[in-house]
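Notes for the structure review
This is what each chain is made of:
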Amino acid sequence: DAMVIQNPRYQVTQFGKPVTLSCSQTLNHNVMYWYQQKSSQAPKLLFHYYDKDFNNEADTPDNFQSRRPNTSFCFLDIRSPGLGDAAMYLCATSRDLPTSGETQYFGPGTRLLVL
Amino acid sequence: TQLLEQSPQFLSIQEGENLTVYCNSSSVFSSLQWYRQEPGEGPVLLVTVVTGGEVKKLKRLTFQFGDARKDSSLHITAAQTGDTGLYLCAGLSYSGAGSYQLTFGKGTKLSVIP
């Protein structure tokens, strides 16, 4: 059974048109992450939630926002997508914050295309 | 900023051959993880190595963490077409104020040809 679910798997949006990507988890994990992965690049952490506490990476553009209404769901909002925002967006969860033994479980990703 | 360099970037081999891919850094990591990512899917954790010099085996895959905890290698014996994918290493390091940071390398794209 899928533990980290991302919807949709593929999303097409227009330049400047707001878009929301969705992630849900059945693991009851405290931490949820959003990564951006461009072609042939490493996944880049955008932000994470520890429970309701939001933690933004210093170099994440303001164009990217996130919401976590409850333990199971986390959303990535891109307010005004640019062509450079086309990428695979990966959601991950972990039971607790990263420590030596902590494992992150990744969803299948949403591939975003900006026209 | 912690950087992880993976080599080679691309590798294409025949089924049955052996291969080794590398993950190198000038920084020390608390632990290092290896993931495999198939096209259109998220990364799946293969192994976590924690102790310097540690060797872990997962069937035909052998993972080694360097003595200084700055580098790691993944060796695959008798590669199969099912091993095809992107292999990512990710290092965990302490970033201060009780926080840890997971840094990914760009990955090695492996193609195993029948």
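Use the structure listed above.
For the structure given in this document, a descriptive report is provided here. Treat the numbers as computed from the prediction; the structure is a model and nothing was measured. (Residues numbered from 1 in each chain as written. Chains lettered and ligands numbered in written order. Predicted model: local features only at pLDDT ≥ 70, side-chain atom pairs only at ≥ 80, totals over all residues. Heavy atoms only, no water.)

A short note on the interface of chain B and chain A
Of the residues lining the interface, 20 residues belong to chain B; the matching set on chain A comes to 18 residues. Between chain B and chain A lies a buried interface of about 1500 Å² when both sides are counted; carbon and sulfur atoms form 54% of it. Note that Arg 9 of chain A and Glu 41 of chain B form a salt bridge whose closest N and O atoms lie 3.5 Å from each other. The interface formed by chain B and chain A includes 5 residue pairs in polar contact (both at pLDDT 80 or more). Among the elements of the structure, β4 (31–37), β5 (44–49), β9 (85–96) and β10 (99–104) of chain B are those that each provide at least two residues to the side of chain B that touches chain A. (Contact = heavy atoms within 4.5 Å. Buried area = accessible area lost by both parts, 1.4 Å probe. Salt bridge = Lys/Arg side-chain N within 4 Å of Asp/Glu carboxyl O. Polar contact = N/O pair within 3.5 Å; in protein donor to acceptor, adjacent residues only side chain to side chain. Helix = DSSP H or I, 4+ residues; strand = E, 2+ residues; numbered from the N terminus.)

A short note on the pairing of β4 of chain B
Residues and elements named next belong to chain B. Counting buried positions along β4 yields 7 of 7 residues, so the element is predominantly enclosed. Alternating positions in β4 separate into two faces, Ser 31, Gln 33, Tyr 35 and Gln 37 on one and Leu 32, Trp 34 and Arg 36 on the other, with burial throughout. Across 7 bridges, the pairing between β4 and β9 is antiparallel. Residue Gln 33 lies in a different strand from β9, and its bridge partner there is Ala 90. Looking at chain direction, β4 and β5 are connected through 5 bridges and run antiparallel. Pairing of Arg 36 across the sheet is with Val 44, part of β5. Where β4 folds back on β5, the antiparallel hairpin that results is connected by 6 residues, among which Gly 40 adopts a positive phi of roughly 75°. (Buried < 20%, exposed > 50% of the residue type's maximum accessible area, 1.4 Å probe, protein only. Pairing = 2+ DSSP bridges.)

So, the state of the cysteines
Counted according to the given criterion, the structure contains 2 disulfides over all chains. Linked covalently through their sulfurs, Cys 23 of chain A and Cys 91 of chain A form a disulfide whose S-S length is 1.9 Å. Looking along the S-S bond of the Cys 23 of chain A-Cys 91 of chain A disulfide, the torsion reads about -70°, which is the left-handed sense. Note that Cys 23 of chain A is positioned in strand β3 (residues 19–25) and Cys 91 of chain A in strand β9 (residues 87–94), a separation of 68 residues in sequence. The two residues Cys 23 of chain A and Cys 91 of chain A agree in class, both being buried. Disulfide pairing places Cys 23 of chain B opposite Cys 89 of chain B at an S-S distance of 2.0 Å. (Disulfide = S-S within 2.5 Å.)

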